[in-house]
Amino acid sequence: MINLKLKTIASFVSPEDIVIDTCCDHAYLAIYLKQNHLCKEVYASDINIHALEVARKNITSSKLNITTYLSDGFKSINNSDIDTTVIAGVGANTVLDIIDSAPQSIKKYIISSNNNWDELRFSLYQRGLYIQEEKAVLDKGKFYVIMLVTKDYVKENKLSLKYGKSNNQEYYLYLIKKEQEVLAKIPRNKFMKRLNHKRNIYYLRKIIKRISDC
Ligand SMILES: C[S@@+](CC[C@H](N)C(=O)[O-])C[C@H]1O[C@@H](n2cnc3c(N)ncnc32)[C@H](O)[C@@H]1O
């Protein structure tokens, strides 16, 4: 029932966490966490009433008791027990909006944005939120990046923010392929533009070498 992305998200949850899945949709993650006793407590919320109705049906048919909220991010949630949030399956701008509405009680963010992973890393860093761990997983032909983020400072540089810190070589090979596709479309006389992408490919190859040397 639960896919590899959601399982990987669950792997970042600890038994003492009080979790809310803020974009729960079907609530599969919350159900999985509760059924397997992977956290102290779990809540589920969504901005969409229809999604939430499906979530409630799934929770009831799983014979579980999970409190749900209809809410845009944290805007309609008043529960200061919650210390961990999952924000997954939405774009980077929505991830950031939800983070910006999060209460101080949130200590841990588990994030899987649908897009713009590099810009998201920069924006998190600017907000004083630091990626402690990152995993890239391939699920049904699509890569997902899952970030474990807290307020504990982690030194970063331009490259680590751009490419992250997953240990998945396949993911970096995929990024190289994407860079090569872009490069192939740039006319030969656009020297500087081509150089940027060649440089990116060079850095990505270095990352792959570093991973394989470990
Ligand atoms: C594609 S589903 C993701 C489901 C699950 N989290 C996953 O990653 O597989 C995206 C869900 O996010 C919800 N959503 C989008 N923007 C939201 C917001 N600002 N606050 C809460 N939920 C939101 C949508 O209604 C939808 O149910």
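Heads up: the structure comes first, above all this text.
Let us look at the structure shown here. All values derive from a computational prediction rather than experimental measurement.

1. What about the packing of aromatic side chains?
For any pair of aromatic rings, the description rests on two quantities: the centre-to-centre distance and the angle between the ring planes.
Inference 1: According to the stated counting rule, one finds 8 aromatic pairs in the structure shown.
Inference 2: A centroid spacing of 4.8 Å and a plane angle of 35° characterise the contact between F143 and Y174, whose relative ring orientation is tilted. Pair noted here: F143 is in strand β7 (residues 142-150) and Y174 is in helix α7 (residues 169-185), with a separation of 31 residues, a long-range link.
Inference 3: By relative accessible area, which is 10% here, F143 ends up buried.
Inference 4: Residue class for Y174 comes out partly exposed when judged on its relative accessible area of 29%.
Inference 5: Connected via pairs of aromatic rings, a cluster forms that spans W117, F143, Y171, Y172 and Y174.
Inference 6: Above the plane of the ring of F12 lies K135, whose end atom (NZ or CZ) is 4.8 Å from the centre.

2. What about the pairing of strand β1 (residues 18-21)?
Inference 1: Of the two faces of β1, the one lined by I18 and I20 and the one lined by V19 and D21 are each fully buried.
Inference 2: Direction of pairing for β1 relative to strand β2 (residues 41-46): parallel, over a ladder of 4 bridges. The residue of β2 that forms the bridge with I18 is E41.
Inference 3: In this fold, the crossover linking β1 to β2 by way of helix α2 (residues 28-35) has right-handed handedness.

3. A word on the packing of α7 against helix α8 (residues 191-213)
Inference 1: Taken N-terminus to C-terminus, the directions of α7 and α8 make an angle of 165°; their axes are 9 Å apart at the nearest point. The angle between α7 and α8 falls in the class roughly antiparallel. By crossing handedness, the relation of α7 to α8 is classed as left-handed. From α7, Q169, Y172, L173, L175, I176, E179, Q180, V182 and L183 reach across to α8, where they touch R194, H197, K198, N200, I201, L204, R205, I207, I208, I211 and S212.
Inference 2: By residue class, the composition of the contact of α7 with α8 is 11 nonpolar, 5 polar and 4 charged.

4. Details of the pattern of salt bridges
Close approach of charged atoms lets side chains of opposite charge pair.
Inference 1: Counting across every chain of the model gives 7 salt bridges.
Inference 2: Here D100 makes a salt bridge to R127, at a shortest N to O gap of 2.8 Å. Here D100, found in helix α4 (residues 92-100), pairs with R127, found in the loop between α5 (117-126) and β6 (130-139); they are 27 residues apart in sequence, far enough to count as distant.
Inference 3: Note that R121 is salt-bridged to E134, the shortest N-O span being 2.8 Å.

5. Remarks on unusual backbone geometry
Most peptide bonds take the trans configuration, and most residues that are not glycine carry a negative phi.
Inference 1: A positive phi is found at D25, a non-glycine position, where the angle reads about 50°.
Inference 2: You can call D25 partly exposed: its relative accessible area is 39%.
Inference 3: Its identity is not glycine, yet K140 carries a phi of approximately 50°, on the positive side.
Inference 4: Note that K140 resides in the loop between β6 and β7.
Inference 5: When its relative accessible area of 78% is taken as the criterion, K140 is described as exposed.

6. Considering helix α3 (residues 49-61)
Inference 1: Over its 13 residues, α3 runs 18 Å from end to end, which matches the ideal 18 Å to within 8%, given 1.5 Å per residue.
Inference 2: Residues of α3 that are buried include every one of A51, L52, A55, N58 and I59, and no others. End-on view of α3: buried residues confined to an arc of 120°, all on one side of the axis. Seen from the open side of α3, the exposed residues pointing more than 90 degrees away from its buried face are H50, K57, T60 and S61.
Inference 3: At the N-terminal end of α3, a side-chain oxygen is found 2.7 Å from the backbone nitrogen of H50, two or three residues along, and the residue is N48.
Inference 4: The positive-phi residue at the C-terminal boundary of α3 is K63, with phi of around 60°.

Parameters at a glance
Residues numbered from 1 in each chain as written. Predicted model: local features only at pLDDT ≥ 70, side-chain atom pairs only at ≥ 80, totals over all residues. Heavy atoms only, no water. Phe/Tyr/Trp six-rings, centres within 6.5 Å; stacked < 30°, edge-to-face > 60°. Helix = DSSP H or I, 4+ residues; strand = E, 2+ residues; numbered from the N terminus. Buried < 20%, exposed > 50% of the residue type's maximum accessible area, 1.4 Å probe, protein only. Lys NZ or Arg CZ within 6 Å of the ring centre and 35° of its normal. Pairing = 2+ DSSP bridges. Right-handed = clockwise from strand over helix to strand, strands pointing away. Axes fitted to C-alpha atoms, helices over the stretch in contact; angles between N-to-C directions. Parallel < 35°, antiparallel > 145°, perpendicular 65-115°, else oblique. Left-handed = near helix turned anticlockwise from the far one by under 90°. Contact = heavy atoms within 4.5 Å. Nonpolar A, V, L, I, M, F, W, Y, C, P; charged D, E, K, R; others polar. Salt bridge = Lys/Arg side-chain N within 4 Å of Asp/Glu carboxyl O. Expected span 1.5 Å × (residues − 1). Arc of directions from axis to C-beta. Polar contact = N/O pair within 3.5 Å; in protein donor to acceptor, adjacent residues only side chain to side chain.

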